[in-house]
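# Breakdown of the fold
Each chain is listed here by its residues.
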Amino acid sequence: MLCMQKRAVLYNGAAQGADTNTKRRIYMSGHSKWHNIQAKKGKADAARGRIFTKLGREIAVAAKGNPNPETNSKLADVIAKAKANNMPNDNIQRCIKKAAGELGSATYETLVYEGYGVGGSALIINTLTDNKNRTAGDVRSTLSKCGGELGSTGCVSYMFTNRGLLVIERTLELDEDTLTEYAIEAGADDVVTLDDVYEVYTDPSAFSDVRKYLEGKGIEFLEADVRMIPQNKITLNEENTEKFIKLLDKLEELDDVQDVYHNVELPDDEEED
């Protein structure tokens, strides 16, 4: 779980043996790293270009067979993720058009790899590829060169929870109580209030509905995605932290890698999704 300043956990009253209109909040202490994450993402044009390329492929694959986000919830979710990463609308539309063009005969599949980094760290690597032998070789080689190793399916995934996450900037126009009310109405699980953002957590199956509801309220997102969130994080020493950051950078440079999830507590200025 990410570090928290306040955490509002939404309960169904009936499940708690209380009135169905009763909602309860639990607050925990912590701090926000989202501002630093956003700043890091905007530093390098090359890194931004890689993000757009990966998102573009994801959009095109989601749009294949149905390029209408109104009736294709998966496409709508990926578009929301792209917008949260500041991908221009023109780029998004071009990627949707690719679904009927160059991707018409291409077959991409999602492959998930699990493995270990230095210091017993855990990694889940999501890829989108048209050549699984190439992708498996690239992932295995990168892990090996950076002190890690590829594991078997299920070796670390039990340490993570799959959840939808919507990150929203804290503003004077959107207070905590209002957002919590919206989240309850939308069917979200948790609302976490940090120094500069709100984090809305959902069950993966409810992510699209919650996103649509909040968008209907005029809310924009800094992050919008379904991701693997570690149940607990570990701390590495300085040397291993540097090695682990290098490994993350190398994995994210691979064309077929879409997302990398891990359980390491990184310095604020290096924290990743």
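A brief look at the structure comes next. Note that the structure is predicted; figures quoted are calculated from it, not measured.

## Considering the sheet that holds strand 9 (residues 257–262)
The strand order across the open sheet formed by 4 strands is 4-2-3-9, and the pairing between neighbours is antiparallel. Bordering the open sheet on either side are strand 4 (149–150) and strand 9, each of which pairs with just one other strand. Of the strand pairs in this sheet, strand 3 (residues 122–129) and strand 9 are connected by 5 bridges, and their pairing is antiparallel. Considered in strand 9, the bridge of Ile124 is made with Tyr261. Packing of helix 5 (residues 132–145) onto the sheet brings it into contact with strand 2 (109–116), strand 3, strand 4 and strand 9, and relative to strand 3 it is tilted by some 150 degrees.

## Observations regarding helix 8 (residues 238–253)
Over its 16 residues, helix 8 runs 23 Å from end to end, which matches the ideal 22 Å to within 8%, given 1.5 Å per residue. For helix 8, every residue scored as buried is listed here: Asn240, Thr241, Phe244, Ile245, Leu247, Leu248 and Leu251. Down the axis of helix 8, the smallest arc covering the buried residues is 155 degrees, so these residues share one side. Opposite its buried face, helix 8 presents the exposed residues Glu238, Glu239 and Glu242, each directed more than 90 degrees away. On its buried face, helix 8 is in contact with strand 3, helix 5 and strand 9.

## Points about the pattern of salt bridges
A side chain with one charge can pair with a side chain of the opposite charge if their charged atoms come near. With the rule as written, the count across this model stands at 11 salt bridges. Measuring nitrogen to oxygen at the nearest pair gives 2.9 Å for the salt bridge that ties Arg134 to Asp256. Within this pair, whereas Arg134 is found in helix 5, its partner Asp256 is found in the loop between helix 8 and strand 9, the two being separated by 122 residues in sequence. Classification of Arg134 as partly exposed rests on a relative accessible area of 33%. Of the residues examined, Asp256 reaches a relative accessible area of 5% and is grouped as buried. Residue Asp190 pairs with Arg163 through a salt bridge whose shortest N-O separation is 2.9 Å.

Cut-offs applied
- Residues numbered from 1 in each chain as written.
- Predicted model: local features only at pLDDT ≥ 70, side-chain atom pairs only at ≥ 80, totals over all residues.
- Heavy atoms only, no water.
- Pairing = 2+ DSSP bridges.
- Helix = DSSP H or I, 4+ residues; strand = E, 2+ residues; numbered from the N terminus.
- Contact = heavy atoms within 4.5 Å.
- Axes fitted to C-alpha atoms, helices over the stretch in contact; angles between N-to-C directions.
- Expected span 1.5 Å × (residues − 1).
- Buried < 20%, exposed > 50% of the residue type's maximum accessible area, 1.4 Å probe, protein only.
- Arc of directions from axis to C-beta.
- Salt bridge = Lys/Arg side-chain N within 4 Å of Asp/Glu carboxyl O.

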